[in-house]
Amino acid sequence: MTRIEATRLIVELAGDAPIIASLGHPAYDLFAAGDRPQNFYTWGSMGLASSVGLGLALARPDARVIVLDGDGSLLMNLGSLATIGLLRPTNLLLVVMDNEEYATTGGQPTPTAHGADLEAAARAMGITATATVRIEDELRRVVQLFQSGDRNAESLAPQGPRFVVAKVKESAPTAKPPLDCVFIKQRFMTAIGNPESATEGAAL
Amino acid sequence: MTTAPAWAIGVCNGVHAAGSRDVVYVPDNPLSHVLRVFEQQFRDVRLILATREEEALGIAAGLYLGGRLPTVMLQSSGLGNSLNALTSLLMPYQIPVLMVVSMRGDAGEWNAAQVPMGRAVRGICEAIGVPHATVEAAETASDTVRLAGKTAFGTRTSYACLLPRRVTTGSDPQGDRRRSVTL
């Protein structure tokens, strides 16, 4: 399974769920797989995609929030797993596109290439609904369970956020998302039902 | 139950009056007073513990995308941990966060390891373009924080409210001695 194949599958199953993408290749592939207003592309802040997703999941318990992170990015903010494990929002799906390399910067191996186990890290931090998937059918099943809110899943624990390591092959991105950060934000907020104009008004 | 210091009550009133109901924080000794006031007197405010200041700002950004008006509370030493989130997420996306910064390294500091960053806080804020205001006294804490929040959320720029040690510990003659033992 390549990362673009995994990303296309997630977009296909996402419906109108908001998707937060980590900078670089995860964001590029999300755009290539299907640009939609519910996509939030980060252009910086490496490591913070899972934190942004957590904040959104807390703010909007009615939404099903999907995060597309990278292995290198998550390793930059591992404390995020402890916070997610502490707060346990049930409406958060964190997918780590684990290609075992810093692909955006030239393919240097990450610690996951040498055995670092991000699923084990998530479990150690109190996230109980976890999986490591290698083929599209496994990934499809996990995303479908999350989307259905199924609490009777056998292989994934019934409560709390879901954490999935998708072992993927690097696939060279073919497109880049919009460069205008404010456009990305305002389009996203409008699409998920809280346009920024309303947020601003609440402060005054 | 100990009486909460007036400056801490003022900070809470200011955050609340600015419309913020979500406070992401990394703990700090003076800020423990603020947390206690929020817990006891502002039951509609959600307190969210983060492991690191940069993470706190990321969570705050997500809260804002979800329609909330977030506050982040941190110690000034954590500003260094925050710069990537500020400069490559909050600023380019114009995502506003009201920051309440408990100062270390200013007048009254006893720990040399706190001094360089404490001294640099205002210069760093100015260098990256984050406006800042200083709470000069307990009596003005509420207004200072409220107005910073109003400008932050109205103009979509993060704003730092600095709490000097003179305000947070200056009126407590036991404060420094106690901290020098407990830290």
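Residues numbered from 1 in each chain as written. Chains lettered and ligands numbered in written order. Predicted model: local features only at pLDDT ≥ 70, side-chain atom pairs only at ≥ 80, totals over all residues.

## As for the overall build of chain A
1) Next: The number of helices and strands found in chain A is 9 helices and 8 strands.
2) Next: With respect to the three principal axes, the spread of C-alpha positions in chain A is 50 × 40 × 30 Å.
3) Next: When each of the 204 residues of chain A is scored for burial, the buried share is 50%.
4) Next: For chain A, long-range pairs separated by at least 24 residues make up 74% of all intrachain contacts whose partners lie at least 6 apart in sequence. (Helix = DSSP H or I, 4+ residues; strand = E, 2+ residues; numbered from the N terminus. Buried ≥ 20, exposed ≤ 12 C-beta atoms within 10 Å, placed from the backbone. Contact = placed C-beta atoms within 7 Å.)

## What about the sheet that holds strand E3 (residues 65-70) of chain A?
Residues and elements named next belong to chain A.
1) Next: Pairing is parallel across the open sheet formed by 6 strands, whose spatial order is E2-E1-E3-E4-E8-E7. Looking at the sheet topology across the chains shown, the edges are occupied by strand E2 (39-41) and strand E7 (129-133). The average angle at which neighbouring strand axes cross in this sheet is 15°, direction not considered.
2) Next: The pairing of E3 with strand E4 (residues 92-98) spans 6 bridges and is parallel. Opposite Val-65, over in E4, you have Leu-92 as the bridge partner. (Pairing = 2+ DSSP bridges. Axes fitted to C-alpha atoms, helices over the stretch in contact; angles between N-to-C directions.)

## Examining the confidence of the model for chain B
All names here are of chain B.
1) Next: Looking at chain B, the pLDDT average stands at 93 and 92% of residues meet or exceed 70.
2) Next: In the model, residues 175-183 has pLDDT below 50 throughout and makes 6 contacts with residues more than four positions away in sequence or in other chains.
3) Next: Across the predicted assembly, pTM comes out at 0.94 and ipTM at 0.95. (pLDDT = per-residue confidence, 0-100.)

## Here we look at the packing of helix H3 (residues 53-65) of chain B against helix H4 (residues 79-90) of chain B
Relative placement of two packed helices is described by the angle separating their axes and the distance separating the axes.
Residues and elements named next belong to chain B.
1) Next: Running from N to C, H3 and H4 point in directions that differ by 30°, and their axes come no closer than 7 Å. In terms of axis orientation, H3 runs roughly parallel to H4. Between H3 and H4, the residues in contact are Glu-53, Glu-54, Leu-57, Gly-58 and Ala-61 and Asn-81, Ser-82, Asn-84, Ala-85, Leu-86, Leu-89 and Leu-90, respectively.
2) Next: Residues belonging to the contact of H3 with H4 are distributed by class as follows: 6 nonpolar, 4 polar and 2 charged. (Parallel < 35°, antiparallel > 145°, perpendicular 65-115°, else oblique. Nonpolar A, V, L, I, M, F, W, Y, C, P; charged D, E, K, R; others polar.)

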